[in-house]
Amino acid sequence: MESNVNNMDPISDSLQKEIQEGFEYENTGVPAGDSEKEMVAIICIGMAGSGKTSFLQRLNAHLHGENLSPYIINLDPAVANVSYTPNIDIRSTVNYKEVMKQYGLGPNGGILTALNLFTTKFDQVLDLVDKKKANLDYLLVDTPGQIEIFTWSASGAIITETLAVSYPTVVAYIIDTPRTISPATFMSNMLYACSILYKTKLPFVLVFNKTDVVSHKFAEEWMTDFESFQEALSSDTSYMGTFISSMCLVLEEFYKHLRVVGCSAVTGQGMDDFFDAVKLAVQEYKDEYKPALEEIIAKKEKAELSKREAEIARLVKDLSMEEKGTELPLGGRRRDDPLFPDPDKGEKLPFAE
Ligand SMILES: Nc1nc2c(ncn2[C@@H]2O[C@H](COP(=O)(O)OP(=O)(O)O)[C@@H](O)[C@H]2O)c(=O)[nH]1
Ligand SMILES: [Mg+2]
């Protein structure tokens, strides 16, 4: 689909048109459901090459195999091929290469701007999802290859928050297991995951992907047994080793809030474990995230109400002051004012003939 980037807004026209026409692909695989389902949103986040897109494809295949209905949104404008068919694809509404040309940007700036443009219309995208949600089990969201484009951008935050206020939402943090076997890379990946957890405050599932290449048992051990991580670190006697070992203590608290699963997007192993973890995460969303969110909304509404009450009180006070004062409401007339004589009494203006 062509996107028109020569207009002021490179996506609005095409997206508008597609929304009117229904720009979803045909194979949504959404069967007509008898009862309303509770749709759960899963946002896949992870470093470039960790396997987000492959994992999403595997989730899609697994869900179809279980007779469940996923709905997929691809938010990566730069991906060349995706192995699943997205229901909504950022690439069909905004062409990041054209955005690069038009705004004079490099690849990362182009991807970020494309995502920003798409985000301005995200409410319309959600309207589409909302219409279908009664027949959907999962909303799967694929994010741009470079992690920070989604996790450290305003648009990423807007999309995440918009989803989280509307549906039970879970973050699946995908990790490239074979590339985290060294304690230092493991620790930096965990710190990054930790920063995202604290930023989104959403329930988290850590997905150690590519377990067909390397088992994730070492990671599970490091996360549950402090001694074993220290042992792995013992070969590193540099100052980094000491730093990492103290960081490890800090992360102990973080690990308690996580669910860890090992998966392979290639072989499909670990899928049941993943969905079990998602179920627990959804429970956490309902028990913790949702009440906290409702509290924030209630506080905002209360603040708004008291602001309005204060305004009304001020208005009432102003009105009563006017009544007591010498000024009369519009159209009124002061009897003793020579500029407003009473013609019934034969009074005339002082300067009248
Ligand atoms: N062996 C193996 N390779 C994988 C797995 N998942 C993804 N890959 C490979 O990792 C590379 C990056 O995957 P991709 O899904 O594009 O990563 P993304 O950038 O996070 O979306 C590709 O070459 C995939 O074939 C897996 O479970 N096992
Ligand atoms: Mg990808």
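Model, not experiment: these values are computed from the prediction.

**Q** Give me the lowdown on the site of ligand 1, citing residues and values where you can.
**A** The immediate surroundings of ligand 1 are formed by 14 residues, with Lys52, Thr53, Ser54, Asp212 and Ala265 found nearest. One of the backbone nitrogen or oxygen atoms of Ser50 is found 3.4 Å away from an oxygen atom of ligand 1. Summarising the interface, the protein chains cover 67% of the accessible area of ligand 1, which totals 580 Å² for the free molecule. The element contributing the most residues to the shell around ligand 1 is helix H2 (residues 52-65), with three residues.

**Q** With reference to specific residues and values, describe the nonpolar core.
**A** Leu139, Tyr173 and Leu206 are the most contacted members of the largest nonpolar core, which totals 63 residues. Other than its neighbours up to four places away in sequence, Leu206 contacts Tyr173, Ile175, Met190, Ala193, Met223, Leu258, Arg259, Val260 and Val261. Counting residues in each nonpolar core, the second largest holds 28 residues, with Phe55, Met271, Ala281 and Val282 among its members.

**Q** Explain the pattern of salt bridges to me, using residue names and the numbers behind them.
**A** Inspection of the entire model under this criterion finds 10 salt bridges. Asp89 serves as the salt-bridge partner of Arg91, at 2.7 Å between the closest nitrogen and oxygen. Accessibility expressed as a relative area gives 3% for Asp89, which makes it buried. For Arg259, the salt bridge identified is with Glu284, shortest N-O distance 2.5 Å. In this pair, Arg259 sits in strand S7 (residues 259-262) while Glu284 sits in helix H12 (residues 271-324), placing the two residues 25 residues apart along the sequence. By relative accessible area, Arg259 is classed as buried at 14%.

**Q** Let's hear about helix H3 (residues 96-103): which residues, and what values?
**A** The N-cap residue of H3 is Asn95: its side-chain oxygen and the backbone nitrogen of Lys97 are 3.0 Å apart. Where H3 ends, the next residue or the one after it, Gly104, has phi of about 60 degrees, a positive value.

**Q** Before we move on, can you summarise the packing of helix H4 (residues 107-119) against helix H7 (residues 154-166) with the specific residues and values?
**A** Axis separation between H4 and H7 bottoms out at 9 Å; the angle between their running directions is 35 degrees. Note on packing geometry: the crossing formed by H4 with H7 is left-handed. Residues Leu115, Asn116 and Thr119 of H4 form the contact with H7, whose own contacting residues are Ser155, Ile158 and Ile159. In the contact of H4 with H7, the residues fall into three nonpolar, three polar and no charged.

**Q** Break down the sheet that holds strand S3 (residues 88-89) for me, with residues and values.
**A** Strand order in the open sheet formed by seven strands is S3-S2-S4-S1-S5-S6-S7, with parallel pairing between adjacent strands. A strand with exactly one partner marks an edge of an open sheet, and here the two such strands are S3 and S7. Relative to strand S4 (residues 138-142), strand S1 (residues 40-46) runs parallel, the two sharing five bridges. Each residue of the ladder has a partner; that of Ile43, found in S4, is Val141.

**Q** An account of the pairing of S4 is needed here, citing residue identities and associated values.
**A** Each regular strand shows side chains that alternate between the opposite faces of the sheet. With five of five residues buried, S4 is to be regarded as a mostly interior element. Relative to S4, strand S2 (residues 70-74) is paired through five bridges, and the arrangement is parallel. Bridging from a neighbouring strand, Ile73 pairs with Val141 of S4.

**Q** Summarise unusual backbone geometry; cite the residues concerned and give the values.
**A** A positive phi angle, near 65 degrees, is found at Asn67, a position not held by glycine. Mapped onto the elements, Asn67 comes out in the loop between H2 and S2. With a relative accessible area of 67%, Asn67 lands in the exposed category. Despite not being glycine, Lys210 has its phi angle at roughly 65 degrees, a positive value. Positionally, Lys210 belongs in the loop between strand S6 (204-209) and helix H9 (217-224).

**Q** Account for the side chain of Thr211, naming residues and giving values.
**A** If you trace the backbone, Thr211 turns up in the loop between S6 and H9. You can call Thr211 buried: its relative accessible area is 8%. What Thr211 contacts, discounting residues up to four positions off in sequence, is His216, Gly262, Cys263, Ser264 and Gln269.

**Q** Describe the pairing of S1, with residues and values.
**A** Of all seven residues in S1, seven are buried, a share of seventy percent or more. The alternating pattern of S1 places Val40, Ile42, Cys44 and Gly46 on one face and Ala41, Ile43 and Ile45 on the opposite face, and all of these are buried. Direction of pairing for S1 relative to strand S5 (residues 169-176): parallel, over a ladder of six bridges. Note on S5: the bridge partner recorded for Ile42 is Val170.

The rules we used
Residue positions are given per chain, counting from 1 as you read along its sequence in written order. Labels follow written order: the first chain is A, the first ligand is 1, and so on. This being a predicted model, a pLDDT of at least 70 is required before a residue's local features are given, and a value of 80 or more before pairs of side-chain atoms are given or counted; all residues contribute to the totals for chains, interfaces and linings. No hydrogens and no water enter the side-chain calculation; it runs on all heavy atoms of the structure. A single heavy atom is enough: if one lies within 4 Å of a molecule or strand, its residue is considered near that molecule or strand. The term polar contact refers here to a pair of N or O atoms within 3.5 Å; inside protein, the definition further demands a hydrogen-donor-capable atom paired with an acceptor-capable atom, and it admits residues adjacent in sequence only when both atoms are side-chain atoms. Only the protein chains shown count as covering a residue, and every accessible area follows the Shrake-Rupley method with a 1.4 Å probe. A run of DSSP states H or I qualifies as a helix once it reaches four residues; a run of E qualifies as a strand once it reaches two. Both are numbered from the N-terminal end. Side-chain atoms within 4.5 Å link the members of a nonpolar core, which is a set of buried Ala, Val, Leu, Ile, Met, Phe, Trp, Tyr and Cys residues. Burial classes follow relative accessibility: with a 1.4 Å probe on protein chains only, a residue under 20% of its type's maximum area counts as buried, one over 50% as exposed, and anything between as partly exposed. The contact criterion used throughout is that any non-hydrogen atoms of two residues lie within 4.5 Å. What makes a salt bridge here is a side-chain nitrogen of Lys or Arg within 4 Å of a carboxyl oxygen of Asp or Glu, nothing more. Structural elements are reduced to axes, namely lines fitted to C-alpha atoms, with helices fitted over the stretch in contact, and the angle between N-to-C directions of any two is expressed from 0 to 180 degrees. Crossings are classed by handedness, with left-handed meaning an anticlockwise turn of the near helix from the far one by less than a right angle and right-handed meaning a clockwise turn. Amino acids are sorted into nonpolar (Ala, Val, Leu, Ile, Met, Phe, Trp, Tyr, Cys and Pro), charged (Asp, Glu, Lys and Arg) and polar (every other residue, Gly among them). Here, a strand pair is defined by DSSP locating no fewer than two bridges between the strands.

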